[in-house]
Amino acid sequence: MPTSLHLLAEAPAQLLPARELMAFTLASHIILVPLGVAFPLITLVMHYRGLRRNDATALLLARRWSAVMAVQFALGIVTGTVLSFEFGLLWPGLMGRWGDVFGVGFGVEAWAFFLEAVLIAIYLYGWRRLKPWTHFLLGLPLPLAALLGAFGILAANSWMNTPQGFSLDAEGNPVDVNVWKAIFTPMFGPQYWHFVVGMVLTAGFVVAGVYAMGWLRGRRDHYHRLGFAVPFTIAAVAAPVQFVLGDSIARSVFHEQPVKFAAMEIVWKTDTRVPEYLFGRLHEDGTVSGGIKIPLLDSFLAGFSANTEVRGLTSVPADQRPTATQATIAHWAFDVMVLIGSALVLLALWYGFVWLRHRRLPASRWFYGAAACAGVGSVVAVECGWVATEVGRQPWIVYENMRVAEAVTATRSTSLWIMFGVVAVVYVLLFGAFLVVLLKMRTRWRLADERQATAGVHPEADLPYGPRGPLPADDVPAAGPGAGRPGGDGP
């Protein structure tokens, strides 16, 4: 029997549905994470621009984005709460033994979540009710609360990748916990900054992609130009930074989790002068089929020398490393992430070149087509990064301290599959409702703008924090800071 099939046969029956359920809920929640972490920052940048330049259109965008931010946050609360319950329900072995060591990260994340909810409420309430700069200053803690939430969850995850800050007693239970060491593990810094910059990049491309679609449909007004330029500029600045951070975290994995690195690079035997495979499939006998083989590159990337020794998967027993299939999944996810990241850097350089040379936005339809795809591509890259991180760590839930099979619940597999089906249906309905709400908001704003345009009202004619002008009967006063713009196509 092949090694992977042998290990699968020994796994508890409930392991597969528990993994699938956790993977589904995490993959769904992570779609919302970039907007939750970075959208407040992008909104405040637009808000500042509107106040600084007395630009009513910028303030209109910031106000409408704040409404989208609130709807997204509400959905994030639901999906995040489900995840917190799943840690206890699906992985009681993990939380029961190790919760006292790394659980502080989840506590920080929960407090940050509540704080962000309060700050979003204040920010929404403040439109037209507070003095302009007072309102803006009250919104400044929002990105900090989002960063604090990311700090908590990344502290927990980095501990699972490089656990420290404890000793083990005779029964293998953790004692003498050092919270600071448990938080600031060797992987925390590389993971945290790679994650945060990735969220800023992704949120920027996602938001800009909406207005890129508007540009492709012929909407070239100030509203769409501004709605595209601000988030895309933020993402374009973040893209090369993220590329450097991605290289740094890969090298950290090479030093701190060499077996995971071997899985991500499908390295079978420990050696020097190791080639790099772009895609390709690893087999149980260590051979690689398909893909593009680049001699020496893997060793060079790992240690800046072709003579750098790279540990292979066979450096540890079969039950302490990912299977060939898992290694291939991690490898493909890693390669897709790098490929998309490289394409986003090229897109950012295109944007920067045109701006520096001509002091204007690019005019090519090819550019805006690529920009529209960049939002989806960046979300795919985030998903792939998560897959590479989690699948590459297998079979450990706590690296080299607890296997996933040891942490899983004793609940019958049939019950878990039923739970998976229920959760999947609920999530489809939730995300469907989220999309419907966003489309209705867009339609309402577009109709309001068309009515104001017909009446000869322009954004610059209304003071963003001044007395309320007459609004359409079906418009909500909190939906924007004043007048709209003609022909709006996006939120």
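Placed above this text is the structure.
Criteria and thresholds
Residues numbered from 1 in each chain as written. Predicted model: local features only at pLDDT ≥ 70, side-chain atom pairs only at ≥ 80, totals over all residues. Heavy atoms only, no water. Axes fitted to C-alpha atoms, helices over the stretch in contact; angles between N-to-C directions. Helix = DSSP H or I, 4+ residues; strand = E, 2+ residues; numbered from the N terminus. Parallel < 35°, antiparallel > 145°, perpendicular 65-115°, else oblique. Left-handed = near helix turned anticlockwise from the far one by under 90°. Contact = heavy atoms within 4.5 Å. Salt bridge = Lys/Arg side-chain N within 4 Å of Asp/Glu carboxyl O. Buried < 20%, exposed > 50% of the residue type's maximum accessible area, 1.4 Å probe, protein only. Nonpolar A, V, L, I, M, F, W, Y, C, P; charged D, E, K, R; others polar. 1 Å grid on protein atoms, 1.4 Å probe; cavity = no way out; pocket = protein on both sides within 12 Å on 5 of 7 lines; lining within 4 Å. Points joined across faces, edges and corners; volume = space filled by probe spheres on them.

## Focus: the packing of helix H2 (residues 15-53) against helix H9 (residues 222-256)
Part 1: H9 packs onto H2 with a crossing angle of 125° between their chain directions and a minimal axis gap of 10 Å. Relative to H9, the element H2 is oriented oblique. Between H2 and H9 lies a crossing of right-handed hand. Judged by residue contacts, Ile-42, Val-45, Met-46 and Arg-49 of H2 engage Leu-226, Gly-227, Val-230, Pro-231 and Ile-234 from H9.

## Description of the pattern of salt bridges
Part 1: Taken as a whole and assessed by the stated rule, the structure comprises four salt bridges.
Part 2: We note a salt bridge from Arg-49 to Asp-55, for which the minimum N-O separation is 3.0 Å.
Part 3: Where Asp-319 meets Arg-403, a salt bridge forms, and the shortest distance between an N and an O atom there is 3.5 Å. A residue pair is termed long-range when its members are at least 10 positions apart, and Asp-319 in the loop between helix H11 (297-303) and helix H12 (324-358) and Arg-403 in strand S8 (residues 402-403) qualify at 84 residues.
Part 4: With relative accessibility at 37%, the residue Asp-319 sits in the partly exposed group.

## Comments concerning the packing of H2 against helix H13 (residues 365-391)
Part 1: Interaxial distance between H2 and H13 falls to 10 Å at its minimum, and their mutual angle equals 145°. Two packed elements cross with a definite hand, and for H2 against H13 that hand is right-handed. Residues Ala-23, Leu-26, Ala-27, Ile-30 and Ile-31 of H2 touch H13, and the partners they reach there are Val-379, Val-382, Glu-383 and Trp-386.
Part 2: In the contact of H2 with H13, the residues fall into eight nonpolar, no polar and one charged.

## Re empty space enclosed by the protein
Part 1: Applying the stated criterion to the full structure yields four cavities of 30 Å³ or more.
Part 2: Of the voids in this model, the second largest cavity is the one considered here, and its volume is about 50 Å³.
Part 3: Looking at the lining of the second largest cavity, the elements that each hand over two or more residues are helix H8 (188-216) and H9.
Part 4: With three residues, the top contributor of residues to the lining of the second largest cavity is H9.
Part 5: Taken together, the residues of the lining of the second largest cavity break down into five nonpolar, one polar and four charged.

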